[in-house]
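# Report on the structure
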Amino acid sequence: MVPLNQWIKIKAPATVANMVCGFDILGFAVNNPYDEMEMRLVNRAAGQASITIINIDDYNLPTDPEKNVAGAALLAMIEEYTANSIIEKSFADDATQTGLVDFSTIGFEVKINKLIKPGSGVGSSAASSAGAVVGANYLLGNPFTKDDLVRFAMNGEKVASGVKHADNIAPCIHGGVTLVRSIFPLEVIALPSPTLFVTIVHPQIEVRTADARSILKQNVQLKDAIKQWGNIAGLVAGLMKGDYDLIGRSLEDVIIEPVRSILIPGFDDLKKACKAAGALGGGISGSGPSIFFLSKEKETAIAVEKEMKKLYEGLELAHHTYVTTINQTGVEIEA
Ligand code: ADP
């Protein structure tokens, strides 16, 4: 356990959910952008909340622990930590583990500096939820597994979007590419991947996650389902074999993208231009508005970025771009 009042620093990566064909099940972490956080355990006076959130950016996010995704994730963790069965499970086998934290007198202080813009579609909410629970677990002496941490952090996603989902949380905590085979019960599989360069563009428009979900059709034609599961299986096989051509061929979505892409100006032209520049493939990141493309070489990723800039400059739409790589470590702690 880290002594009271001692700050730790946390780096929580942005994530790209869905990975084109794997709606709600696939995702990967990237090295840029990322959120910075600091956390510590402190004594708290009676009546004071167990979590204090200090926002040190300009996004004006809620400081009420139940409304900030970091707080919601931590509340779920504290509840399970405090339940006797979990404390016994975590520490019973380890006689060296002392100093169980009594959350009636001790609390977490969390400073959040968001470098991932909320609502951008690259897992801003997941970074705060995942960063908070990985940091808290470290402060408490690591009593919880990664699967436990994903479960707690999903409570943050519920606050952000109304549903518990793990397609951003899982890669944020594990790093790399992850497959969420099941949510209840939770089963996350970390997938290997060859070196891939990622180009992301964030057009400065708002796409509400709730809207991006509500426009989806509730029924899928069997012929589309067959194409889609062929692509998901092909993508997973391509990642595991390091087969770039197979990865590229499998990055197609016949179910979600045709409906959702109407919310993103210039999407079809952008896709054509990025592919022509040599990208393996790509599409909407999460529920948008960010768009990502994967490339085998850095030079191609930079050429893809040029196409993105050209298109959005032509549309006179403000935008940010990133050229980065897949982050293999997930949330990092600097003690
Ligand atoms: P993203 O895909 O970028 O995470 P979402 O729309 O899923 O975007 O989540 C952003 C929503 O979550 C916003 O409504 C924001 O106000 C809310 N929120 C609450 N706390 C946080 C936080 N710490 N970080 C990011 N978003 C937060």
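For the structure, check the block above.
Below: a short report on this structure. Note on numbering: residues in each chain are counted from 1, in written sequence order. In keeping with the model being predicted, local features are shown solely for residues with a pLDDT of at least 70 and side-chain atom pairs are shown and tallied solely at 80 or more, while totals for entire chains, interfaces and linings include all residues. For the side-chain quantities, the full set of heavy atoms in the structure was used; hydrogens and water were omitted.

## Focus on the packing of aromatic side chains
Think of it this way: a Phe, Tyr or Trp ring, Trp meaning its six-membered ring, pairs with another when their centres are within 6.5 Å, and the plane angle makes it stacked under 30 degrees, edge-to-face over 60, tilted otherwise. Taken as a whole and judged by the stated rule, the model has five aromatic pairs. Here Tyr81 and Phe103 contribute two aromatic rings whose centre-to-centre distance is 5.5 Å and whose plane-to-plane angle is 85°, an arrangement assigned as edge-to-face. With Tyr81 in helix H1 (residues 69–82) and Phe103 in the loop between helix H2 (84–91) and strand E4 (106–113), the pair connects residues that are 22 residues apart, well separated along the chain. Exposure is judged per residue with a 1.4 Å probe applied to protein chains only, and the accessible area is read against the type maximum: over 50% gives exposed, under 20% gives buried, and values in between give partly exposed. Its relative accessible area of 2% is what places Tyr81 among the buried residues. An aromatic cluster of at least three residues, connected via ring pairs, comprises Tyr81, Phe103, Phe108, Phe144 and Phe152. By definition, being over a ring means that NZ of Lys or CZ of Arg is both within 6 Å of the ring centre and within 35 degrees of the ring normal. Residue placement shows Lys11 over the ring face of Tyr34; its charged tip is 4.5 Å from the ring centre. A run of H or I in DSSP becomes a helix once it reaches four residues, and a run of E becomes a strand once it reaches two; helices and strands are each numbered from the N terminus.

## Examining empty space enclosed by the protein
Where empty space is left in the structure can be found by rolling a water-sized probe over the atoms. The rule is simple: put a 1 Å grid over the protein atoms alone, call a set of points where a 1.4 Å probe fits but cannot get out a cavity, call an open set with protein on both sides within 12 Å along at least five of seven lines a pocket, and count a residue as lining if it has an atom within 4 Å of a point. Grid points are joined across faces, edges and corners, and a volume is the space filled by probe spheres set on the points. Inspection of every chain in the model, using the stated rule, returns one cavity of 30 Å³ or more. Of the voids in this model, the largest cavity is the one considered here, and its volume is about 80 Å³. Lining the largest cavity, in full, are Asn18, Val20, Phe23, Asp253, Ile256, Glu257, Arg260, Gly283, Ile284 and Gly286. At the level of secondary structure, the elements contributing two or more residues to the lining of the largest cavity comprise helix H9 (257–260) and strand E8 (281–284). Gly is put with the polar residues, along with every residue not named as nonpolar or charged; the nonpolar set is Ala, Val, Leu, Ile, Met, Phe, Trp, Tyr, Cys and Pro, and the charged set is Asp, Glu, Lys and Arg. Each residue belonging to the lining of the largest cavity can be placed in one class, and the counts come to four nonpolar, three polar and three charged.

## Focus: the site of the ligand
It suffices for a single heavy atom of a residue to lie within 4 Å of a molecule or strand for the residue to be listed as near it. Taken together, 14 residues surround the ligand, and among them Asn68, Ser124, Ser125, Ser128 and Thr209 come closest. For the purposes of these results, a polar contact is taken to be a pair of N or O atoms within 3.5 Å, where, inside protein, one atom must be able to donate a hydrogen and its partner to accept one; residues adjacent in sequence count only when each atom of the pair is a side-chain atom. Within the side chain of Thr209, a nitrogen or oxygen atom sits 3.1 Å from an oxygen atom of the ligand. Note that accessible areas follow from Shrake-Rupley with a 1.4 Å probe, and for residues the cover is restricted to the protein chains shown. Notes on the ligand: free accessible area 560 Å², of which the protein chains cover 80%. Of the pockets mapped on this structure, the ligand occupies the largest pocket. Among the elements that make up the shell around the ligand, the one with the highest residue count is helix H3 (residues 124–139) (three residues). Grouping the constituent residues of the shell around the ligand by class yields three nonpolar, nine polar and two charged. Each molecule is checked against the cavity or pocket grid, and it sits inside if more than half of its atoms lie within 2 Å of the grid points.

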